[in-house]
Amino acid sequence: MARDSFNSKFGAIMALAGSAVGLGNIWRFPHETGSNGGGAFLLVYLFCIFCIGIPTMLAEFIIGRRGQRNPFGSFRTLAPKTRWYWYGGLSILAATLILSYYGTVSGWTLEYFMYAVGDSFHNQSSAEINNLFEKFVSHPYKPILWHIGFMVICSLIIIMGVKNGIERYTKMMMPVLLLIIIALGVRACTLDGAQAGIKYLFYPDFSKLTWKSVLAALGQSFFSLSIGMGALMTYASYINCDDSLLQISTRVVVADTVVSILAGLAILPAVFAFDVDPASGPNLVYITLPQVFDQMPLGYIWGIAFFILLTFASVTSAISLLEVCVAFLTEEKKMSRLKATILSSAVITILGVFCTLSFGPMRNVTLFGKTFFDLFDSISSNFILPFGGILICLFVGWKMKVRDVYFELSSRGKYELKSFRVLMLIIKYVAPTAIFIVLMSSLGIF
Ligand code: PFF
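Below: a short report on this structure. (Residues numbered from 1 in each chain as written. Predicted model: local features only at pLDDT ≥ 70, side-chain atom pairs only at ≥ 80, totals over all residues. Heavy atoms only, no water.)

**Quick look at the overall build of the protein chain**
Along the backbone of the protein chain there are 18 helices and 0 strands. Taken over C-alpha atoms, the radius of gyration comes to 21 Å for the protein chain, in line with the 22 Å a tight globule of 446 residues would show. Principal axes of the C-alpha set define a box for the protein chain whose edges measure 65 × 50 × 45 Å. Residues counted as buried form 59% of the 446 residues belonging to the protein chain. When the accessible surface of the protein chain is totalled, it reaches about 17,700 Å², and 66% of it is carbon and sulfur. (Helix = DSSP H or I, 4+ residues; strand = E, 2+ residues; numbered from the N terminus. Rg over C-alpha atoms; globule rule 2.2 N^0.38 Å. Buried < 20%, exposed > 50% of the residue type's maximum accessible area, 1.4 Å probe, protein only. Areas by Shrake-Rupley, 256 points an atom, 1.4 Å probe, with all protein chains shown as cover.)

**A few points about the site of the ligand**
Close to the ligand lie 15 residues; Ala20, Gly24, Tyr102, Phe223 and Ser226 are nearest. Here Ala20 contributes a backbone N or O atom positioned 2.9 Å from a nitrogen atom of the ligand. Between Ser224 and the ligand, the recorded distance is 3.1 Å, taken from a backbone N or O atom to a nitrogen atom. When the ligand is considered free in solution it has 340 Å² of accessible area, and contact with the protein chains removes 100% of it. Put simply, the ligand lies in the largest cavity. Breaking the shell around the ligand down by element, the ones donating at least two residues are helix 1 (9–20), helix 2 (23–35), helix 10 (211–225) and helix 14 (299–332). Among the residues making up the shell around the ligand, the classes are represented as 7 nonpolar, 8 polar and no charged. (Near = heavy atom within 4 Å. Polar contact = N/O pair within 3.5 Å; in protein donor to acceptor, adjacent residues only side chain to side chain. 1 Å grid on protein atoms, 1.4 Å probe; cavity = no way out; pocket = protein on both sides within 12 Å on 5 of 7 lines; lining within 4 Å. Sits in = over half its atoms within 2 Å of the grid points. Nonpolar A, V, L, I, M, F, W, Y, C, P; charged D, E, K, R; others polar.)

**Here's the deal with the environment of Lys199**
Mapped onto the elements, Lys199 comes out in helix 9 (residues 195–202). Lys199 gets classed as exposed once you look at its relative accessible area, which sits at 54%. Lys199 sits 19 residues away from Leu218 along the chain, and the two C-alpha atoms are 22 Å apart.

**What to know about the layout of surface pockets**
Within this model, the largest pocket holds a volume of roughly 900 Å³. Looking at the largest pocket, it is lined by 38 residues, and the ones nearest its centre are Arg28, Glu32, Asp377, Ser381 and Asn382. The set of elements that each furnish at least two residues to the lining of the largest pocket consists of helix 2, helix 5 (86–117), helix 10, helix 16 (372–399) and helix 18 (420–442). For the lining of the largest pocket, the leading source of residues is helix 10, giving 9 residues. Residues that form the lining of the largest pocket fall into these classes: 20 nonpolar, 13 polar and 5 charged. (Points joined across faces, edges and corners; volume = space filled by probe spheres on them.)

This is the structure in structure tokens:
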């Protein structure tokens, strides 16, 4: 049977942008920027995205499209009789871990969408909104039910396949997401007192830039672009042979960056206009924003729009993680797509229960001093993701034949590649070194 693939280049871009644009852009980027010095952080972030992110993403695309399989199978095809395929195991582990805690936060988003529809934030004091969050996340079973609900939505899309599921739904959700974030950005920037937030986001105050914030910028750029985990590799194996990988990657990166900046513009000016601390951390979205919406004219509508946005963003990212496991099981273990999806979702949901309970009954259960949620987050984002990024760059830069890399990147000679040598230089030396530094620092070695 022929392998399922994306129908069009537009579909491929939407699916890949869907994977990249997620909670990382809307939930994480504004508070990372808020806590790391605003504009100066943004500049470093942009540097990381364009100089290291694009080449590493391209390296991942090259392996996926050339291998024409899931990460495990692609490495086995491209480097037979070697152990490179172990990377496939790593990517499945990372996808499983990330999705189990990503699903927890996504489940909260679904509940918050219901709160927004039910106008639950109206006329509530900050203590009450704080309380609402604390009570919900620590509830013994409610967040688990939302987590399961979220996984069911993702599974249904994945069962439908690459064209009829992933491509069809990301093509529907991504344009809506973009419209909502633009509307929210315009609304927030036109609030009285918004200038302070805009200045905070764009004014580069280098005195606030620390080594830690540079590392945070590189880490954020990898997480935001979904690099290093096999998700892009899996999707790349569904891209048609004559579509330009360079064109697709630049569009995906630009889309991801635009959404992050728009999210910053939608959130930071509003936060300043209502005199809230921009560095209030991960709670910004669930505790601070509901208060901000409540004080805005037409806040009811903006609140609903925001949580629809967050839901779409998390679904389109989560399905790319689920697809890593499903592609492995269908191609390597010859399982049907239905069975593979049920099995992967079941395992991820069970692990996710531990993450979800980390905020409630299991908040005192720790492993290596961390709750399950924090442990899964830090193992995958700080360790597996950068490690995967290094392996991908080393494979393309040192193991693959330059001729093959050129052949794939130019789509069999169809496109001219002016920057090929620079790109190879970054893939061979610059990107792995930069990622190595981040990896070492997250392990506490630097
Ligand atoms: N890029 C996603 C975000 O910004 O939320 C998160 C993510 C998705 C990371 C898929 C890794 C991945 F493979």
